[in-house]
Amino acid sequence: MLRHRLARLLQALALLSITLLTIAAQAEVKRDRFSVGGYFRIMARPDFQGGESRLGLWNLYGRLLNEGPWGALQMRYDMLQPSPGTNDVWANVQLRIEGGSFANAEGRNGNLGAFAATQLYVEAGNILLSGVTWRFGTLNYEYGDLGLYDMRPAQLFFETLGVSGRLQNDNLDLLLGFGDSGFFVHGTEYSTILTVGAALRWRVARQFELGVGGQLLYEPAVRGNRFAPHVTPLPENATYQDFVRGEIVKRFLELNPGAADQFPDPEPVAALSYKLVAYLGFGNLGPLTWNNLFANFLRRHPETRKTEQEGGREYTIFVKELTDERYELNIGNEMQLTLIKNRLDLAWGVMFGYHVNRDNEVAAGEDNRIFYSTVLRLQTYLSERVHLLAEGSIAQERSLNGNLWRGHFDSVFTSSAGRADARGLEFGDIDTRNTWQIKGGVVLNPTGVGIFTRPSLRLLVGVQHSNMHNAFGNSFVETLDQFDAFREQSDRHLHGVVAIETEGWF
Amino acid sequence: MRCRQLLLLPTLVAFGCIKPLPTQRLATPVDVATLLVHDDIYQNRAFTATDELSSAISEALRQRNLVDKLRKLDIKQFSRLRDSARRLKRLGSESNAPLLMLVESQARYYGEIRGRFRWNVYLKVTLSERTQLDSAVTEQFEQAAIMPFAHQKEADAISSVAKVMARQVGTMIDQFLAGRAL
């Protein structure tokens, strides 16, 4: 009797499973398990002034004509596809490979060594908590992008591998993450950097949303690990100037003649850094499509060590205390406006940065600077697929510790008051770099109108003026004998390029 | 003369030299009952399609002299009814139009790529003569929607590729109608 009932139960279960399979087979849209997306930009930019095919030095003047080629391929494979109406576990794995070299586009001519697998992670849902997406692997999280600059000030966990949980609904997006950033920060000289952080985005209304987030990086002291953070006790007569010039050991030996074997051993110490981000977005208001305001405040992670040569010996100085007060404040805003629907769009960006190194009050460098920039782009549509683009930018960068750039072709020999600083605390003869750029041309957009609609095929001309001499990537002169042979005889403050380029996401 | 040539050049560039071929139109208007359903990918929920997709597909029909008889059905019933064949049958039972068209959409977030937010948009289109549901023709399309802002979700993603996908649907309609006596 029992055997008979068991047989009937099994029969019913089999029938039920067949029925379920049939329903699944008849379900609505079928999605492939494997899909691929990505990004590319490639360009030919003849430069008749001998530059390296970029209009300016970096994308503070707008990314257009200032960036080189780039490609990214992101692959996703659904290990378990989501089943609507169930709380079955779903999971997928994603891999991104990206890099900056393509045949005939730059010096490495498409060498695959220029590419890296920058992201690998598994995302899964319906495990332990309903509505939470878990991620295991690289954790990169972005609030958004300043498209004109190709900058993402509100970005977290870029350097972290670990686990995160993300709760999302129509109005709220909360992410908590935990992991290790040691390999990104230190590379082959790995030392664990525990990283913890959170990101919150709240959509208050259709026209308004805001977000805050932060991450903390903690590198513990580990006695015996030469890659862990340490502090080398500095001799009393050593200053930051000696650190910059690589003369700390020299100062020690001045105080302790003949004591080369007694250079102090380093003491292990923990290191800490952090990043706070904020985001404010509003839009869908008349001609304003959307406005993104991003900000970050961060303390850069301390460096571990540097080496000095003295008396034919190599000494290692552990520099945590000399590099742990480097702070940055970066604020960027970008708005997109539809001035005349399907005829004229505008994008306007503003960028501000204040970087300060409180350890360093003597040497000019990018760790002590202020910069401001604004970029304005207009795109008008002659037809759905043929557009005209015009962009202008103005930027100022100011060094807080003296001269940092060369204003003239012969200023390699000068710094303050026309005298050379051969021992290297300043560089050149100007402490403020003023730059403007104007770019324009024809854009062909196969997929229609839109200032950021892609793919785009662009024929552009760009002109830059800077008070810095040769303010663009070049390799005119690298050694003194080259200087003798290829001596420049006048300043070059204007620079122009023409460009044939294409860019797109897919 | 040279000046005129210079003026002519941007005009040719702007409007292109390729004249688009006219869409093949039916000789007489034919009614088609259409139903557009958007399915949630994670939950058993269905929604009405976005206005942009509806109007793009309506335009594709209009160009072919098909009269769009958009069905205003209770969308909730389609949350439970998820397989295409039964949806098509239901549509056929509520319309006298000789042609039926079921458009089912889904959108799924893919990931952030270089500052953009990528979505996959799927359309499954089923076309049938009302009297011959067994010989319905089904085709599926997939399109990447690249959104500039993180707050843009499924509806924005579908709207952004509505025109491109409606063009694919139009081609499918042409193939379906070819050789049929309507």
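Check the entry above for the structure.
> Sorry if this is basic, but what is going on with unusual backbone geometry here?
Trans peptide bonds make up the majority, and among non-glycine residues the majority have a negative phi. Cis geometry is adopted by the peptide bond preceding A:Pro455, which originates at A:Arg454 and carries an omega value of 10 degrees. With respect to the helices, strands and loops of the structure, A:Pro455 is situated in the loop between β22 (432–444) and β23 (456–466). We note that A:Asn104 has phi near 70 degrees; this positive angle belongs to a residue other than glycine. Residue placement: A:Asn104 occurs in the loop between β3 (90–99) and β4 (115–127). Notably, B:Asn65 is not glycine yet its phi reads approximately 65 degrees, a positive angle. Examined against the element boundaries, B:Asn65 turns out to sit in the loop between α2 (51–63) and β3 (66–70). You can call B:Asn65 partly exposed: it has 15 C-beta atoms within 10 Å.

> Sorry if this is basic, but what is going on with the packing of α2(B) against helix α6 (residues 162–177) of chain B here?
The description of two helices packed together rests on the angle between their axes and the distance between the axes. Residue and element names in this part refer to chain B. Contact geometry for α2 and α6: axes closest at 9 Å, N-to-C directions at 35 degrees. By crossing handedness, the relation of α2 to α6 is classed as right-handed. Along its contact with α2, which presents Glu52, Leu53, Ala56, Ile57, Glu59 and Ala60, the element α6 presents Ala162, Lys163, Ala166, Val169, Gly170 and Ile173. For the contact of α2 with α6, a count of residues per class yields eight nonpolar, one polar and three charged.

> Even after reading the chapter, I still don't get α6(B), so can you show me in this structure?
The α-helix advances 3.6 residues per turn, and as a result positions three or four apart in sequence lie on the same side. Residue and element names in this part refer to chain B. Spanning 16 residues, α6 covers 22 Å between terminal C-alpha atoms, matching the ideal 22 Å at 1.5 Å per step. Ala162, Met165, Ala166, Val169 and Ile173 are the residues of α6 that are buried. Seen end-on, α6 carries its buried residues on one side only, within an arc spanning 100 degrees. Buried residues in α6 make contact with α2, β5 (116–129), β6 (137–147) and α5 (154–160).

> What is the right way to look at the interface of chain B and chain A in this model?
The interface is formed by 36 residues belonging to chain B together with 39 residues belonging to chain A. When residues of the side of chain B that touches chain A are traced back to their parent elements, those giving at least two are α1 (2–15), α4 (84–93), β4 (99–113), β5, β6 and α6 of chain B. Broken down by element, the residue count for the side of chain B that touches chain A peaks at six residues, all from β4(B). Its residues placed into classes, the side of chain B that touches chain A shows 15 nonpolar, 10 polar and 11 charged.

> I keep staring at the pairing of strand β24 (residues 494–505) of chain A and nothing clicks. Help me out?
Consecutive residues of a regular strand have side chains that alternate between opposite faces of the sheet. Residues and elements named next belong to chain A. In β24, alternate side chains face the same way, and those of His495, Val497, Ala499, Glu501, Glu503 and Trp505 are buried while those of Leu494, Gly496, Val498, Ile500, Thr502 and Gly504 on the opposite face are not. Sheet analysis places strand β1 (residues 34–44) next to β24, joined by six bridges and oriented antiparallel. Bridged to phenylalanine 40 within β24 is glycine 504.

> I'm lost on α2(B) in this one. Help?
Residues and elements named next belong to chain B. The end-to-end C-alpha distance of α2, which contains 13 residues, comes to 18 Å, matching closely the 18 Å that a straight helix rising 1.5 Å per residue would cover. Turning to α2, its buried residues number three or more, namely Leu53, Ala56, Ile57, Ala60 and Leu61. Taken around the axis of α2, the buried residues stretch over an arc of 140 degrees, which confines them to a single face. Asparagine 65 sits one or two residues past α2 and shows a positive phi near 65 degrees.

What counts and how
Residues numbered from 1 in each chain as written. Chains lettered and ligands numbered in written order. Predicted model: local features only at pLDDT ≥ 70, side-chain atom pairs only at ≥ 80, totals over all residues. Helix = DSSP H or I, 4+ residues; strand = E, 2+ residues; numbered from the N terminus. Buried ≥ 20, exposed ≤ 12 C-beta atoms within 10 Å, placed from the backbone. Axes fitted to C-alpha atoms, helices over the stretch in contact; angles between N-to-C directions. Left-handed = near helix turned anticlockwise from the far one by under 90°. Contact = placed C-beta atoms within 7 Å. Nonpolar A, V, L, I, M, F, W, Y, C, P; charged D, E, K, R; others polar. Expected span 1.5 Å × (residues − 1). Arc of directions from axis to C-beta. Pairing = 2+ DSSP bridges.

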